[in-house]
Amino acid sequence: MNEQSLINSVKRGDQTAQKALYDLYASRLMAISVRYVGRRDVAEDILHDSFIKIFRSISKFNYRGEGSLRAWLDRITINTALEWLRQKKNNIVLDENFIVDQQDEPSISEVESISQEVLLRLVSELPDGYRTVFNLFCIEGYSHREISKELGINEKSSSSQLLRAKRLLASKIKKHLESDE
Amino acid sequence: MSKQEVNKQDWSQVVGRSLGDAESSPSPELWQRIELSSQTTPMYKQLNKSLIWAMAAAAMLLLGLFLLAPQPSTVEVENILADGEYIEHEQPVTEKNTEQELINSVDEFSSKMYAALISEEKETIDEDILEEQIEPRAEQTFEPQTTNKDRSLQKQPSGKPQTQSLEDAKLSQQHVMLAAQTPSKTKKSTAITMNIGGGTSTLLSNTTSSLPINYVANELIGSDGLEVSFMDLYESGEVNHRQPFSFALNLTRGIAQNLNLTTGLSYTMLASDIMMDYGQSESVQRLQFLGVPLRLDYNILDRNKFTVYLGAGMSVEYCISSKLDNKVLDENRWHYSLNSVIGASYKINNTLGLYLEPDLSYYLTKTKSKSIRNDNPVNLTMRMGIRFTL
């Protein structure tokens, strides 16, 4: 079954097609949830809510070729996670209090040597504010202006959070590399 | 961009690329949870646009009814007591209701009404005919007596004899009846009610209307034997409806995407001040209702925490108390109304939210007593409050 016919079946309420869609994308969307909320138990709740939204609103989705479904699913999951983060602290709190010493940055080869699973864990360990801005900027490719609109913060804060997030993540990566040696 | 900055960007981009395609398996039970949750919303699939249009049409219809409903500048005098059901007599005849007092009261009413009659020449009546009509009843009720001179001197117009015979009094009674045929004076005002808790409301309507004399008749006489002569005397009084008070606890449950079912429990009190022209007394009428609304809301706009919705439904209310001061009034127990709303809500969190909704209600059941609902069955209510979402 190609993606287009899968979507059509899901739109008709075919439960087998729903399960097929879930099997195809659940792991990817779970990783996105973990990246944003940091905890697996919460990430599962986010994934649950995301799939409910997906099934309810798929009738509005227009297939525009390969990649459009994945982007749409990613967007719903990210929005659900951001909504949870906003509700958790009434808004996404920026973490200004973490003092991060400027350390040596990891090299590209060092980062490439780290498994996806470990990188996911290290990112998920970042404080909420750092993690959110890092995800939106470095992974989703948002600009600081877009982040400021999405999170209701100013661009300067977004930039500052990203800098601190990178420093803290670099420190974690270094520590991880050192412990491996 | 310095070499160091390029280097920093590079390592973070590698992290981004790596995590962009990351996968992490959820627990095996998750699909069962999703399946279970998605099965609770089959209604959505059956919904079509016609339902939404029907709800919108109902809202527009009620709005139209509200706008087209007569807004009386004058209110006709009603003979509510004609069937003798309006007020239940709880109190027996008391000593104060002696014949002398009654005649004095009649005298007082007559004097006032006579003055009114003199000023309105068009309502002059052939006294001979009236006397002939009144005679039999008066004979059963009153003994011929002279009236209080001092009072007559103060209240009777010039040209009128200073002492008033029983016949005069009876004649004046008839004049009162005629005076009652003239439109009563009314005033318009806006009542605003705000309830905080489950909800708050603002009710917009005429709040003043005329009232038959029967309240005063009962207060003055309270005697089955004599009330007949007073029951026939109608003159407009004035009812000033107080701000209706309503308190509601609402529960909302989403039953499909953009579709919510709202119900709850509401308490409403309609109070009216009854001012009689005679200045005899000012009474307060209180009608209290417990109600259960049931409404279907459709979200027409849903942006993050802000939602705009359109709803239609009905409400059933039970009248738990109807009193005029401490007298029990006969009142319909069950009251039904159709409601339509257009509202906006702001979600504080998943459970709590604030809402503001203009509610157009059409009351299918009229109150027996004079009330704001009786005067205008279509009411626009501004509700605001806190909503619990399940």
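Residues numbered from 1 in each chain as written. Chains lettered and ligands numbered in written order. Predicted model: local features only at pLDDT ≥ 70, side-chain atom pairs only at ≥ 80, totals over all residues. Heavy atoms only, no water.

A few words on the overall build of chain B. A count of helices and strands for chain B gives 11 helices and 11 strands. In the form shown here, chain B has an accessible surface area of approximately 19,900 Å², with 55% of it arising from carbon and sulfur atoms. (Helix = DSSP H or I, 4+ residues; strand = E, 2+ residues; numbered from the N terminus. Areas by Shrake-Rupley, 256 points an atom, 1.4 Å probe, with all protein chains shown as cover.)

To continue, consider the packing of helix α6 (residues 116–124) of chain A against helix α9 (residues 155–180) of chain A. All names here are of chain A. It is the contact of α6 with α9, at a shortest axis distance of 10 Å, that shows an interaxial angle of 135°. As the angle between them shows, α6 and α9 are arranged oblique. Crossing hand, α6 versus α9: right-handed. Taking contact as the criterion, the partners of V118, L119, R121, L122 and V123 in α6 are, on α9, L169, K172, I173 and H176. Considered class by class, the residues forming the contact of α6 with α9 number 6 nonpolar, 1 polar and 2 charged. (Axes fitted to C-alpha atoms, helices over the stretch in contact; angles between N-to-C directions. Parallel < 35°, antiparallel > 145°, perpendicular 65-115°, else oblique. Left-handed = near helix turned anticlockwise from the far one by under 90°. Contact = heavy atoms within 4.5 Å. Nonpolar A, V, L, I, M, F, W, Y, C, P; charged D, E, K, R; others polar.)

Residue and element names in this part refer to chain B. On the surface, L249, L251, I300, L301, F306, I342, Y346, I348, L354, I386 and F388 cluster together into a nonpolar patch covering about 910 Å² of accessible area. Mapped by element, the contributors of at least two residues to the nonpolar patch are β4 (245–256), β6 (282–303), β9 (334–347) and β11 (378–389). Looking at the secondary structure, you find Y346 in strand β9. Given the relative accessible area of 42%, Y346 is considered partly exposed. (Patch = residues over 30% accessible without salt bridge, like charges linked within 9 Å, V, L, I, M, F, W, Y side chains within 5 Å. Salt bridge = Lys/Arg side-chain N within 4 Å of Asp/Glu carboxyl O. Buried < 20%, exposed > 50% of the residue type's maximum accessible area, 1.4 Å probe, protein only.)

With that settled, the discussion passes to the confidence of the model for chain A. For chain A, per-residue confidence averages 88 on the pLDDT scale, and residues scoring 70 or more make up 91% of the total. The element-level mean pLDDT for chain A is lowest in α9(A), coming to 89, with helix α2 (residues 15–37) of chain A highest at 94. (pLDDT = per-residue confidence, 0-100.)

Turning to the side chain of B:T268, a few remarks are in order. Residue and element names in this part refer to chain B. Tracing the sequence through the fold places T268 in strand β5 (residues 259–275). Side chain to side chain, T268 and S246 meet in a polar contact 3.5 Å long. In contact with T268, not counting residues within four places along its chain, are F245, S246, L287, Q288, F289, E317 and R373. (Polar contact = N/O pair within 3.5 Å; in protein donor to acceptor, adjacent residues only side chain to side chain.)

Here we take up the packing of aromatic side chains. Summed over all chains, the structure comprises 7 aromatic pairs over all chains. When the centroid spacing of 5.0 Å and the interplanar angle of 40° are considered together, the rings of A:Y22 and B:W31 count as tilted. Note that A:Y22 is positioned in helix α2 and B:W31 in helix α2 (residues 30–39), a pairing that runs across two chains. Note on accessibility: A:Y22 and B:W31 belong to one class, buried. Three or more aromatic residues joined by ring pairs form one cluster here, namely A:Y22, A:F51, A:F55 and B:W31. Here the guanidinium or amino end of B:R373 rests over the ring plane of B:F289, the centre of that ring lying 4.6 Å away. (Phe/Tyr/Trp six-rings, centres within 6.5 Å; stacked < 30°, edge-to-face > 60°. Lys NZ or Arg CZ within 6 Å of the ring centre and 35° of its normal.)

What follows deals with the packing of helix α8 (residues 144–151) of chain A against α9(A). Residues and elements named next belong to chain A. Remark: α8 packs on α9, axes separated minimally by 8 Å, with the N-to-C direction vectors making an angle of 105°. Compared by their axis directions, α8 and α9 come out roughly perpendicular. Contacts from H144, R145, I147 and S148 of α8 reach α9 at E155, S158, S159 and L162. Class assignment for the residues of the contact of α8 with α9 results in 2 nonpolar, 4 polar and 2 charged.

For the rest of this paragraph, the subject is the confidence of the model for chain B. All names here are of chain B. The pLDDT averaged across chain B works out to 62; a share of 45% of its residues lies at or above 70. At the low end of the mean pLDDT range in chain B sits helix α10 (residues 224–231), at 32; at the high end sits strand β7 (residues 306–324), at 91. Here residues 41–46 is modelled with pLDDT under 50, and outside its nearest four sequence neighbours on either side it reaches 9 contacts, counting other chains as well. pLDDT under 50 marks residues 117–236. Its contacts with residues more than four places away, or in other chains, come to 277 contacts.

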